[in-house]
Amino acid sequence: MTANAAARRADRLLGFYVDKSRDLPWRSPPGGAGLDPYRVWLSEIMLQQTTVATVVPRFARFVERWPTLAALAGASDEEVLGEWAGLGYYARARNLIACARQVAAAGGFPRTAAELRKLPGLGAYTSAAIAAIAFAEDVAPIDTNVSRVIARLHAIANPAADQIERHFRDLAPTGRSGDVAQALMDVGATICRPRNPRCEDCPMVDGCLARASGTPEMFPTPKARSERPQRFGIAWWIERDGHVWLVRRPPRGLLGGMAALPGANWCDEQPEAACVMASVRHIFTHFALDLAICPAEAPMGEGWWHPLEAIGEAGLPTLYRRAVSQVLEARAASNPLRLDPA
């Protein structure tokens, strides 16, 4: 593609972004000054492997509770992990805490992708996104949506990272990498979708080689899904005077640092359980877990008694929140409330 053709394509894309960009609370107006890097950073961490629809209300809660980087840096681990509960991928929350404290101690965020990448939890994409969106650095933030749109524009079946980055740099005018990246994200999320792309609505449909092929969905080549392994576990239900015994999981590993029901390590074989009050199936990224909830008498490990009437404030991740709900629902079903006749 010639430089003039690339410039026309960029103009159409940026025009689309001005007219039809998604209204998201962490964005600045197209072409405007970058937002507070704290908000850009927070949104990018939350959006890792999580949908925009899920993140929008949770982002609002975070910035209402901790409106500045300094406020977040001063929060306790337990407060932040509790607020993160339900967002999943809890290593992000631990890195969020560490990064906030490191940046606050340094007096602010570094302004380049290379320096940002040295911070906890910031990989190649996230550091480039913050640098481009918050600081207008001419770098290439390549996420799944951006990669798919560019691969289709050039009909690349099996794109390499350097190919996508090169085409992005050819497309983005100097100083507009942040807007181009966000525009491509919007096109990928709403128009150039993995299935059933709405090519007729795309601002770059003219000259799109995947569209011209007649089978745009085949670019890039769809990846075969691998089967998830199955794992099993037991969580112990220990109740006393309207309180349930909770513990905090080890700081490292899956659900690290989160509140939980006590239980043994998860394993590949189903353990024997004499009495099962309820069970939960939960799908993690790399495996499926069947968790049985069983009664026990004495508290296990270091923990605390949490009132069941305030269990929603315990900061339980989705797995254990569902486990508690299943127990309470099973109990209600077996002992329905009976009203005295009038």
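As a reminder, the structure under discussion sits directly above these lines.
Draft legend 1. Fine view of the overall build of the protein. From N to C terminus, the protein includes 13 helices and 7 strands. Overall, the protein is about 75 × 50 × 50 Å in size when its C-alpha atoms are taken along their principal axes. Counting only residues that meet the buried cut, the protein has 44% of its 342 residues in that class. Taking the contacts inside the protein whose residues are at least 6 apart along the sequence as the reference set, 67% of them involve residues at least 24 apart. Roughly 17900 Å² of accessible area belongs to the protein as shown, and the carbon and sulfur atoms make up 51% of that amount.

Draft legend 2. Region of interest: the environment of arginine 169. Summarising the element assignment, arginine 169 is placed in helix α10 (residues 161–171). On the basis of relative accessible area, arginine 169 is assigned to the partly exposed category, the value being 42%. Between the alpha carbons of arginine 169 and aspartate 138 there is a distance of 8.1 Å; along the sequence they are 31 residues apart. Excluding its chain neighbours within four sequence positions, the residues that come into contact with arginine 169 are Asp138, Val139 and Ala140.

Draft legend 3. Quick look at the sheet that holds strand β5 (residues 278–283). Strand order in this open sheet of 3 strands is β1-β6-β5, and the pairing throughout is mixed. Looking at strand neighbours, the two that pair on one side only are β1 (230–237) and β5, the edges of this open sheet. Adjacent strand axes in the sheet meet at a mean angle of 25°, parallel and antiparallel pairs treated alike. Note: β5 against strand β6 (residues 288–295), 6 bridges, orientation antiparallel. Note that in β6 the partner of isoleucine 283 across the bridge is alanine 288. Sheet strands touched by helix α13 (residues 318–334): β1, β5 and β6. Its angle to β5, the strand with the most contacts, is close to 155°.

Draft legend 4. Structural context of the packing of aromatic side chains. Scanning the model with the defined rule gives 9 aromatic pairs in all. Seen in terms of ring centroids, tryptophan 41 and phenylalanine 109 are 5.5 Å apart; in terms of plane orientation they differ by 55°. Their pairing is tilted. Within this pair, whereas tryptophan 41 is found in helix α2 (residues 37–47), its partner phenylalanine 109 is found in the loop between α6 (91–106) and α7 (113–116), the two being separated by 68 residues in sequence. Between tryptophan 245 and tryptophan 305 the ring centres are 5.1 Å apart and the planes differ by 65°, which places this aromatic pair in the edge-to-face class. Placement of tryptophan 245 in strand β3 (residues 243–248) and of tryptophan 305 in strand β7 (residues 303–307) is noted, with a sequence separation of 60 residues between them. Classification of tryptophan 245 by relative accessible area gives buried; the value is 9%. Joined through ring pairs, the aromatic side chains of Tyr38, Trp41 and Phe109 make up one cluster.

Draft legend 5. Summary view of the pairing of β6. Taking burial as the measure, the 8 residues of β6 include 6 buried ones, the bulk of the element. Sheet analysis places β1 next to β6, joined by 8 bridges and oriented parallel. Paired with isoleucine 234 across the bridge in β6 is alanine 292. Joining the antiparallel neighbours β5 and β6 is a turn of 4 residues.

Draft legend 6. Representation of the nonpolar core in the model. Membership of the largest hydrophobic core comes to 69 residues, with the highest contact counts inside it found for Trp41, Leu261 and Tyr320. Examining the composition of this core, we find that 8 residues originate from one element, helix α8 (residues 124–135), more than from any other. Apart from the residues lying within four places of it in its own chain, the contact partners of leucine 261 are Ala235, Trp236, Trp237, Val244, Trp245, Leu246, Val247, Ile293, Tyr320, Ala323 and Val324. Of all hydrophobic cores here, the second largest spans 29 residues; its members include Phe16, Ile164, Ala172 and Ala181.

Draft legend 7. Structural context of the environment of glycine 257. Topologically, glycine 257 is positioned in the loop between β3 and β4 (259–260). Along the backbone, glycine 257 and leucine 209 are 48 residues apart, and their C-alpha atoms lie at a distance of 48 Å.

Draft legend 8. Structural view of the pattern of salt bridges. All chains considered together, the criterion is met by 13 salt bridges. In this structure, the salt-bridge partner of arginine 27 is aspartate 186, at a minimum N-O distance of 2.8 Å. With a gap of 159 residues between them, arginine 27 in the loop between α1 (3–20) and α2 and aspartate 186 in helix α11 (residues 177–190) connect regions that are remote in the sequence. Aspartate 186 gets classed as buried once you look at its relative accessible area, which sits at 1%. Sharing partners across several salt bridges, the network here consists of Arg61, Arg65, Glu79 and Glu83.

Draft legend 9. Quick peek at the layout of surface pockets. Of the voids in this model, the largest pocket is the one considered here, and its volume is about 1700 Å³. The wall of the largest pocket is formed by 40 residues, among which Asp143, Thr144, Asn145, Arg148 and Pro194 lie closest to the centre. Those elements that place two or more of their residues in the lining of the largest pocket are α2, α8, α9 (144–153) and α11. It is α9 that contributes the most residues to the lining of the largest pocket, 5 residues altogether. Grouping the constituent residues of the lining of the largest pocket by class yields 18 nonpolar, 12 polar and 10 charged. In this model, the second largest pocket occupies a volume close to 420 Å³. Every residue lining the second largest pocket is counted, 22 residues in all, and those nearest its centre are Gly88, Tyr89, Leu254, Phe284 and Thr285. For the lining of the second largest pocket, the secondary structure elements donating two or more residues are α6, β5 and α13. Here the element with the most residues in the lining of the second largest pocket is α6; it accounts for 3 residues. Residues of the lining of the second largest pocket, tallied by class, amount to 11 nonpolar, 9 polar and 2 charged.

Reading guide: rules and limits
Residues numbered from 1 in each chain as written. Predicted model: local features only at pLDDT ≥ 70, side-chain atom pairs only at ≥ 80, totals over all residues. Heavy atoms only, no water. Helix = DSSP H or I, 4+ residues; strand = E, 2+ residues; numbered from the N terminus. Buried < 20%, exposed > 50% of the residue type's maximum accessible area, 1.4 Å probe, protein only. Contact = heavy atoms within 4.5 Å. Areas by Shrake-Rupley, 256 points an atom, 1.4 Å probe, with all protein chains shown as cover. Pairing = 2+ DSSP bridges. Axes fitted to C-alpha atoms, helices over the stretch in contact; angles between N-to-C directions. Phe/Tyr/Trp six-rings, centres within 6.5 Å; stacked < 30°, edge-to-face > 60°. Core = buried A, V, L, I, M, F, W, Y, C linked by side-chain atoms within 4.5 Å. Salt bridge = Lys/Arg side-chain N within 4 Å of Asp/Glu carboxyl O. 1 Å grid on protein atoms, 1.4 Å probe; cavity = no way out; pocket = protein on both sides within 12 Å on 5 of 7 lines; lining within 4 Å. Points joined across faces, edges and corners; volume = space filled by probe spheres on them. Nonpolar A, V, L, I, M, F, W, Y, C, P; charged D, E, K, R; others polar.

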